[in-house]
Amino acid sequence: MESTSQNEFRSGLVNGVGQHGFVARHGLYTEEQAAAAAAAARRIGELDLRTVRLTVVDQHGIPRSKSLSPEVAIAAMSNGLDFSGAIYSLDSGNQVFVPAFAAGGGFGIDEFTGFPDVVLVPDATTFRVLPWADRTGWMLCDVYFSNGQPMPLDGRGLMRRMLGELGEAGYDYLAGIEIEYYIVRLDTDLVLPENAGFTPPPPQVSIFELGYQYLSEVRLDSVAGTLEAIRDGLSAIGLPPRSMEDEWGPGQMEFSFSPIGGLAAADAVVLFRSAVKQICQRRGLLATFMCRPALPNFFSSGWHLHESLLSPGDGRNAFASEDDYLSATGRQFVAGLLEHAIPMTVFATPTVNGYKRFRPYSFAPDRVCWALENRGTLVRVQGAPGDLNSHVENRMGEPAANPYLYMAANIAAGLDGIRRKLEPPAPVEADPYAAEAVPLPTSLAGAVAALAQDGFFRKAFGDTLVDYLLQMKRAELARHDAAVAENPPLEGQDVTDWEMHEYFEFY
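Here the structure is a predicted model, which is why all the values come from computation and not from measurement.

The rules behind the values
Residues numbered from 1 in each chain as written. Predicted model: local features only at pLDDT ≥ 70, side-chain atom pairs only at ≥ 80, totals over all residues. Heavy atoms only, no water. Helix = DSSP H or I, 4+ residues; strand = E, 2+ residues; numbered from the N terminus. Rg over C-alpha atoms; globule rule 2.2 N^0.38 Å. Contact = heavy atoms within 4.5 Å. Areas by Shrake-Rupley, 256 points an atom, 1.4 Å probe, with all protein chains shown as cover. Lys, Arg positive; Asp, Glu negative; His and termini not counted. Charge placed at Lys NZ, Arg CZ, Asp CG, Glu CD. Phe/Tyr/Trp six-rings, centres within 6.5 Å; stacked < 30°, edge-to-face > 60°. Buried < 20%, exposed > 50% of the residue type's maximum accessible area, 1.4 Å probe, protein only. Salt bridge = Lys/Arg side-chain N within 4 Å of Asp/Glu carboxyl O. Polar contact = N/O pair within 3.5 Å; in protein donor to acceptor, adjacent residues only side chain to side chain. Pairing = 2+ DSSP bridges. Axes fitted to C-alpha atoms, helices over the stretch in contact; angles between N-to-C directions. Parallel < 35°, antiparallel > 145°, perpendicular 65-115°, else oblique. Left-handed = near helix turned anticlockwise from the far one by under 90°.

### What to know about the overall build of the protein
Summing up its helical and strand segments, the protein has 15 helices and 16 strands in all. Its C-alpha atoms give the protein a radius of gyration of 23 Å, within 12% of the compact-globule value 23 Å for 507 residues. Projected onto its principal axes, the C-alpha coordinates of the protein cover approximately 75 × 60 × 50 Å. Intrachain contacts of the protein at a sequence separation of at least 6 include 73% that bridge at least 24 residues. Approximately 20,800 Å² of the protein is accessible, and the part contributed by carbon and sulfur atoms is 52%. One way to put it: in the protein the 39 positive side-chain charges average out to a point 2 Å from where the 63 negative ones average out.

Structure below.
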């Protein structure tokens, strides 16, 4: 290719990068995004960055990216960036789950015939400089087809649409993130060729930190060097942890963050999980967001999603009440969450492994109920009369959930409760594990069956996305069932070898 001047690069005239003028031609930037793109281009030059990662979040909530020269990254903010659409054909084992080269990509979308590229459009409002990587910037991207139409399998696009519907109803979304995960030591960096294929054996690991002293200061201090590196890395990218806590299992941590509004809340989960994994990896550690690793004395981890709605005019918390612990709007939101909880489970708990968490007296829910300040219920209300911070906590999620799908499902369900002015059943007063209530699915297969029979999320999210997710989850379940039939778990073995191969390192 002929040499191109720096000025031509910065003006977006780079041959071979996307389509010239793609973003402007299709009107894909808001005024805020256009201003952010100009600012990001200036910062890339001022900081003398050498690499910019353009990242898209796949159907599993996993970030996939290309590392670009700064000039190409700047050009992509005008032209878009070609990116392999084949990632949408990959299940949680990174195996193609659709017939190769079938019409419509194997899932009925004409634009996907032949494994074509999609076009990534950087959202410069997400621009960060990664402090743990050498002179490296980072941006999340939205996904389009080459004709400028939004790609319908993109979870980020779905959540943006749900937020739009919420805005039309007169509310903004606010989420508090509270996620548990494990850190373990990698005992070797040696990987034999025979162990380097699809869904490879999990790496050899040992304990990073002793457990069983919940919220122990001494336990937490014993791993202070790593936690301080994570803290500083997150703070440098605009995600300072509100709290870092020692959980129950060995090396099990819980991080929480102050409330974040709108799409940025889900973006934050992606960046948090990726940052933690990268920082740990550079220290010879593995951070895993797999719900229940098959390691002795390890327990399940959860993702508790705190949420409320705000009135956009004055920023008032629509869940707060002067004379009750939750407003009428808040109760209607809760009613919507409960009404749609069973089919929602696939979005909150998308792995076979996550269903090992739904069991009695586990501090995780096992049935559809709610209460004030009760950690055994599906929905926990935190608030009091006159408390401006009153909100609800959905305790269904596993740490590996795709944040866009999980939050979009909550928004859709809660908004339905508001629109229909639903009233929730009586809250649980005592033992939630003894309450008469509909049980949550006990397996991914049960959750998939519930979603397949559900009309609400099909209408809210569209046939294309729901059918796609069902097809993918059924393919994963088929591989799981075949592996378990070939290699049955030992008596008393709770988590199968297949789950450790599939999820331990991937998530």
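### A look at the packing of aromatic side chains
Within the structure shown, the criterion is met by 26 aromatic pairs. Between Phe 257 and Phe 272, the aromatic rings sit 5.1 Å apart at their centres with planes inclined by 70°, giving edge-to-face as the arrangement. A residue pair is termed long-range when its members are at least 10 positions apart, and Phe 257 in the loop between strand E10 (252-256) and strand E11 (260-261) and Phe 272 in helix H8 (residues 263-281) qualify at 15 residues. With respect to class, Phe 257 is no different from Phe 272; both count as buried.

### Details of the pattern of salt bridges
Pairing is possible between side chains of opposite charge, provided their charged atoms come close. Going through the model one piece at a time under the given rule, you end up with 26 salt bridges. The residue Glu 339 makes a salt bridge to Arg 420 at a minimum N-O spacing of 3.6 Å. Pair noted here: Glu 339 is in helix H9 (residues 328-339) and Arg 420 is in the loop between helix H11 (403-419) and helix H12 (444-452), with a separation of 81 residues, a long-range link. Since its relative accessible area comes to 46%, Glu 339 is described here as partly exposed. Here Arg 420 falls in the partly exposed class, since its relative accessible area comes to 43%. A salt bridge links Asp 416 to Arg 420, with the shortest nitrogen-to-oxygen separation between them at 2.8 Å. One network of salt bridges, with partners in common, ties together Asp 123, Asp 142, Arg 156, Arg 160 and Asp 267.

### Looking at the side chain of Asp 366
Looking at the element boundaries, Asp 366 is found in the loop between helix H10 (341-348) and strand E14 (370-372). Accessibility expressed as a relative area gives 11% for Asp 366, which makes it buried. Side chain to side chain, Asp 366 and Arg 367 meet in a polar contact 2.9 Å long. Setting aside anything within four residues of it in sequence, one finds Asp 366 in contact with Phe 358, Arg 359, Pro 360, Tyr 433, Pro 439 and Leu 440.

### Section: the side chain of Ser 321
For Ser 321, the location among the structural elements is in the loop between strand E13 (303-310) and H9. Setting aside residues up to four positions removed in sequence, Ser 321 forms contacts with Leu 326, Ser 327, Ala 384, Pro 385, Gly 386 and Asp 387.

### Observations concerning the pairing of strand E3 (residues 81-84)
With burial as the criterion, only one face of E3 is covered, namely that bearing Leu 81 and Phe 83; the residues Asp 82 and Ser 84 on the opposite face remain uncovered. Looking at chain direction, E3 and strand E4 (residues 117-122) are connected through four bridges and run antiparallel. Counterpart to Ser 84 in the pairing with E4 is Asp 117.

### Points about the environment of Asp 232
Residue placement: Asp 232 occurs in helix H7 (residues 224-236). On the accessibility criterion, Asp 232 (43% relative accessible area) is partly exposed. Sequence separation of Asp 232 and Trp 132 is 100 residues, and the distance between their C-alpha atoms is 9.7 Å.

### Some remarks on the packing of H7 against H8
Interhelical geometry of H7 versus H8 gives an angle of 135° and a closest axis separation of 10 Å. Here H7 lies oblique to H8, going by the angle between them. Read as a crossing pair, H7 and H8 show a hand that is right-handed. Residues Thr 226, Ala 229, Ile 230, Gly 233 and Leu 234 of H7 pack against Phe 272, Ala 275, Val 276, Ile 279 and Cys 280 of H8.

### Here we look at the pairing of strand E2 (residues 63-68)
The pairing of strand E1 (residues 51-57) with E2 spans six bridges and is classified as antiparallel. In the strand pairing of E2, Val 52 is matched with Leu 68. What sits between E1 and E2 in their antiparallel hairpin is a turn of five residues, with Gly 61 showing a positive phi close to 85°.

Honestly, that's just the spatial picture; any functional story needs more than this.
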